[in-house]
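Observations on chain architecture
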Amino acid sequence: MGRPGRKDQVGRRTGWKRLGTPLGILAAVTGAFAYVGTVDPNEPGHYPVCPLLKLTGVFCPGCGGLRSAHAFITGDLGAAFSANAIATVGYFLFAAVWVLWLVRAWRGKPLRIALAPAWWWGVGAVLLVFTVVRNLPFGSALAP
């Protein structure tokens, strides 16, 4: 391994420099969560209304995401899950992938997550079912 900031013979970054991207992403996400944690989305006038909700009255998969993030950052996981269950699961998934990315970057390996098309279709199906169910009377527990 060479000196920090240098490149090896193959042209890969070495040392602390290869951690720059994952740490930069963490800084951006932390900044966004800090903002949402301090500027309460439950107070009217701080954030715009979801355009789909405003035009159609239908909750999209992201509706309640800001309230979920605010509750999550303030430590109220029940309220976070209640505001948007998919987003709350996504926070934990992001954290797991970020840790994997950081470890791989530290070891000098790229992060490669290759999902088969069936997985992408499955994710789309889960989002579609979540969206439909949260807009039906019996799925009101999933509505923000």
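Here, the structure is the one placed above.
So, here is what we can say about the structure in this document. Predicted, not measured: the structure shown is a model, and the values here were computed from it.

1. Some remarks on the overall build of the chain
Along its length, the chain carries six helices and zero strands. Listing every helix and strand of the chain by position from the N terminus yields α-α-α-α-α-α. Expressed as a percentage of contacts within the chain between residues at least 6 apart in sequence, the contacts between residues at least 24 apart total 49%. When the accessible surface of the chain is split by element, carbon and sulfur atoms take 70% of a total near 9,800 Å².

2. Looking at helix α3 (residues 65-73)
Residues that lie three or four places apart on an α-helix share one face, since the helix turns once every 3.6 residues. Buried within α3 we find Gly65, Ser68, Ala69, His70 and Ala71. Note on α3: the residue one or two positions beyond its end, Gly75, has a positive phi of about 90°.

3. Considering the side chain of Thr131
Positionally, Thr131 belongs in helix α6 (residues 117-134). Contact partners of Thr131, with chain neighbours within four places excluded, come to Phe59, Cys60 and Pro61.

4. Focus on α6
A rise of 1.5 Å per residue sets the reference length of α6, with its 18 residues, at 26 Å; its end C-alpha atoms lie 26 Å apart and thus fit the reference within 8%. Considered for burial, the residues of α6 that qualify are Phe130, Thr131 and Arg134. The buried residues of α6 occupy one face: seen down the axis, they fall within an arc of 100°. Structural note: α6 exposes Pro117, Ala118, Trp121, Leu128 and Val129 on the side pointing more than 90 degrees away from its buried face.

5. Section: the packing of aromatic side chains
This model, assessed by the stated rule, comprises five aromatic pairs. Members of the aromatic cluster, connected to one another through ring pairs, are Phe33, Phe72, Tyr91 and Phe92.

6. Regarding the nonpolar core
If you look at the biggest cluster of nonpolar residues, it comprises five residues: Phe33, Val36, Ala69, Ala87 and Tyr91. Among the elements of the structure, α1 (20-38) and α5 (85-106) are those that each provide at least two residues to this core. Once residues within four sequence positions are removed from consideration, Phe33 is found in contact with Ala69, Phe72, Ile73 and Tyr91.

7. Focus: the packing of α3 against α5
Contact pair α3 / α5: the axes reach a minimum separation of 9 Å and the direction vectors enclose 55°. In this view, α3 runs oblique relative to α5, as classed from their interaxial angle. For the element pair α3 and α5, the recorded crossing hand is right-handed. Between α3 and α5, the residues in contact are Gly65, Ser68, Ala69 and Phe72 and Ala87, Thr88, Tyr91 and Phe92, respectively.

8. A closer look at the packing of α1 against α3
Running from N to C, α1 and α3 cross one another at 90°; their axes reach a closest spacing of 8 Å. Taken together, the axis directions place α1 and α3 in an arrangement best described as roughly perpendicular. Contacts from Phe33, Val36 and Gly37 of α1 reach α3 at Leu66, Ala69, His70, Phe72 and Ile73. Across the contact of α1 with α3, the residue classes break down as six nonpolar, two polar and no charged.

About the cut-offs
Residues numbered from 1 in each chain as written. Predicted model: local features only at pLDDT ≥ 70, side-chain atom pairs only at ≥ 80, totals over all residues. Heavy atoms only, no water. Helix = DSSP H or I, 4+ residues; strand = E, 2+ residues; numbered from the N terminus. Contact = heavy atoms within 4.5 Å. Areas by Shrake-Rupley, 256 points an atom, 1.4 Å probe, with all protein chains shown as cover. Buried < 20%, exposed > 50% of the residue type's maximum accessible area, 1.4 Å probe, protein only. Expected span 1.5 Å × (residues − 1). Arc of directions from axis to C-beta. Phe/Tyr/Trp six-rings, centres within 6.5 Å; stacked < 30°, edge-to-face > 60°. Core = buried A, V, L, I, M, F, W, Y, C linked by side-chain atoms within 4.5 Å. Axes fitted to C-alpha atoms, helices over the stretch in contact; angles between N-to-C directions. Parallel < 35°, antiparallel > 145°, perpendicular 65-115°, else oblique. Left-handed = near helix turned anticlockwise from the far one by under 90°. Nonpolar A, V, L, I, M, F, W, Y, C, P; charged D, E, K, R; others polar.

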